[in-house]
Every structure is written in structure tokens, then in C-alpha cells.
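# Close look at the chain arrangement
Spelled out from the first residue to the last, the chains are:
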Amino acid sequence: MTERPLRVAVLGTADIARRRVLPALAKDPDVELTAVASRSGARAREVAGRYGCAAVTSYDAVLGRDDVDAVYVPLPVSLHAEWTRRALDAGKHVLAEKPLTAHAPTTAGLLDLARASGLALMENVMFVHHPQHTVVRELVTGGAIGELRAFTAAFTVPPLPAGNIRHRPELGGGALLDIGYYPLRAALYFLGTGLEVAGAALEHSDGSAVETAGAVLVRSPAGVLGQLAFGMEHAYQSAYELWGSKGRIRVETAFTPPADHKPTVWVTDAHGPRELTLAPHDQVAATVRAFVRAVRSAGTDPRTAAQCLEQATLLDAVRSRATGR
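None of these values were measured; they are calculated from a predicted model. (Residues numbered from 1 in each chain as written. Predicted model: local features only at pLDDT ≥ 70, side-chain atom pairs only at ≥ 80, totals over all residues. Heavy atoms only, no water.)

## A short note on the pattern of salt bridges
Tallying each qualifying case throughout the model produces 21 salt bridges. Residue Glu46 is joined to Arg43 by a salt bridge in which the shortest nitrogen-to-oxygen separation is 3.7 Å. Of this pair, Glu46 and Arg43 both sit in helix α2 (residues 41-51), separated by 3 residues, roughly a single helical turn. For Glu46, a relative accessible area of 42% translates into the label partly exposed. Taking the shortest distance from any N to any O, the salt bridge between Arg86 and Asp60 comes out at 3.0 Å. Of this pair, Arg86 sits in helix α4 (residues 77-89) while Asp60 is found in helix α3 (residues 59-63), placing the two residues 26 residues apart along the sequence. In the salt-bridge network here, residues are joined through shared partners; they are Glu241, Arg248, Arg250 and Glu252. (Salt bridge = Lys/Arg side-chain N within 4 Å of Asp/Glu carboxyl O. Helix = DSSP H or I, 4+ residues; strand = E, 2+ residues; numbered from the N terminus. Buried < 20%, exposed > 50% of the residue type's maximum accessible area, 1.4 Å probe, protein only.)

Spelled out as C-alpha cells, the structure:
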């Protein structure tokens, strides 16, 4: 496999696949798109036709193809576990949309299966592959703002159409898994593992079958507090801020920047306020490259697997704290 492109098929034609991931897969020189599957034949032919690959109307048929090394799974959350497991059982590497599953024990089982099978299983968390966050973390660890005292993060989006899958509980909808994922993962990125959920609230708007907003208070083992907010009936916000004993750092357009976006990191330290303007970076393309590297390395990196499970555990803890279950 190291001498030819990774042959990838896509199970489903969700918006994220059509807009962002399929174009990135098609552009990567180490990837060959071989098939797009949809339960709608017309949709499969429409999307596959753009990339000159096979249109398939059965996910099982894709898993049985000899010209498929790996699959990308952009299905609703409620279907991630089933089709990820089936793909792994078929000997395929898997890039699955986040969250990998809705519950930590299920996530742990899939990670164990991938490890035992020598297959790469990667959750599609794109923002962690953007170098702006590495720059921020290096500033913090380098003492630019002194001792870290607090972290805040918010990711909110405007109201979604009534038929959107995020409004359907049977498909794993709701603000926590789809939108709250981002500030929670950012808290893990900057505060480290072992976060305690000190408080959490999930709110339902009138008539909604799923939570449409939430807030979480986390505490790191070192005593750093994180305040996290998310929702899907809000003005758009995608930002985080770190406060230290001697200054602070703020990043906006933090989680879903376009490929041509030039990130700005605002730093206030002992020398006063300054702005760091960084080069644009395509985090979607970087995620695809990371997946290819994982496959070439013959399996899931233990650190990546641990981060995935830590995130799943944190999501479970937020849900439990907010609902009392």
C-alpha cells in the first residue's frame, strides 16, 4: 500500500462530506477515491460523478469491494458505531465523523477492535490539525502569560432548518454531540486529560426534542477552570481565550476556519497587547494527510486513540452531570 494511493470509499453523502471532506480526499495525491455510496441511487450518481468514481447504493457492497482500503463515514451519529464496526470487520481502515459514537463504552470497544485488527480508526476532528493551536499552546507552555489560571471557549451557530438531523434524537442529534464537542475538545487540548465536570446544563428550546444549548464548567487536575458554552440557536461564535497570571491569549475563528483564512492570535503580556498573524492552513487537507499517515503506520496511534476515548468519556460526564443520569 505504500507504493500506491490509499483507495478510499465514502459511506454517505452528508453535507460535511460534500462540502469539505470529499474535495480534500480528491485533491490529496496519496488518496484515490474509488466509490461513493448512498441509499439514493440518484444522489450516489450525482456525487460520484463529480469525482469520476463508482456510485454504489449499498454500504455493505462498498465494504465488500477489493478496490477499497479505507472508508470515510459521515453518517448520523446513531449509525457511526454500526458501520465503523462493519468496516473494521471487513478489514477496512476508518475515518469517522465526530463523535465516533454517542457513548464512551462503545467508543472503547471500537478502538479495541481496530487495535486488535491492526487497522487505523480515526475520529474526524479537524481543528486539532490546524497549527494556530500549536502556536497558542507553545506560547502558554513557554510562559508568555505566566501560570495558566482559566480557559473559556464557545462554539455557537445560528438556527438550523427544522428537518436538520441535529434536531432528531433518534439520529444522535442535539447541541452537545455536534457542537459542544468543539469547546470540550479544546479544553482537553489546552488543559490536559483528567478533566472533572464540576457543573453542566443542557437547555431545550420550546418544542425541541433535543438540547439546543449548553454550558459546562470543568476543572483540570492542576486546578485550572474551564468555562465552555455551545448552542445552535445563537449568533455565530467560534473562539477561545486563555487567562494566565501575567496575561491572556485569544483566538477567534478557532474551530472551522476556511482554508484561506489568516488566523490572528491576540496576546496580552508584560509588554502589552500584540497580534500574531499566521499563514493560512487547510485543516481539512491536514486531517486527510493525518489519516493517510495513520494507515501507512499500520494502525491507530495509541495517543490518538486515548484522546478519542478521553473525549467520549468527557461527553458522557457532561450528559450525566446535566441530566442526573
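From this point on, the discussion continues.
## Thoughts on the nonpolar core
Of all hydrophobic cores here, the largest spans 47 residues; its most connected members are Val136, Phe151, Tyr240, Leu242 and Ile249. If you tally residues by element for this core, the top one is helix α7 (residues 175-191), at 13 residues. Apart from the residues within four sequence positions on either side, Ile249 is in contact with Val136, Leu139, Val140, Ile145, Tyr240, Glu241, Leu242, Val265, Trp266 and Val267. (Core = buried A, V, L, I, M, F, W, Y, C linked by side-chain atoms within 4.5 Å. Contact = heavy atoms within 4.5 Å.)

## Regarding the packing of aromatic side chains
Counted according to the given criterion, the structure contains 13 aromatic pairs. Between the aromatic rings of Phe155 and Tyr236, the centroid separation amounts to 6.1 Å while the plane-to-plane angle is 80°, which identifies the pairing as edge-to-face. Of this pair, Phe155 sits in strand β7 (residues 148-156) while Tyr236 is found in the loop between β10 (225-231) and β11 (237-244), placing the two residues 81 residues apart along the sequence. In this structure Phe155 comes out as buried when scored by relative accessible area, which is 6%. Given a relative accessible area of 44%, Tyr236 falls into the partly exposed group. Seen in terms of ring centroids, Tyr181 and Tyr182 are 6.4 Å apart; in terms of plane orientation they differ by 75°. Their pairing is edge-to-face. (Phe/Tyr/Trp six-rings, centres within 6.5 Å; stacked < 30°, edge-to-face > 60°.)

## Quick word on the environment of His103
Within the secondary structure layout, His103 lies in the loop between β5 (93-97) and α5 (104-117). A relative accessible area of 41% means that His103 is categorised as partly exposed. Sequence separation between His103 and Gly247 is 144 residues, and the spatial gap between their C-alpha atoms is 37 Å. Dropping the residues within four chain positions of it, His103 is found in contact with Asp316 and Arg319.

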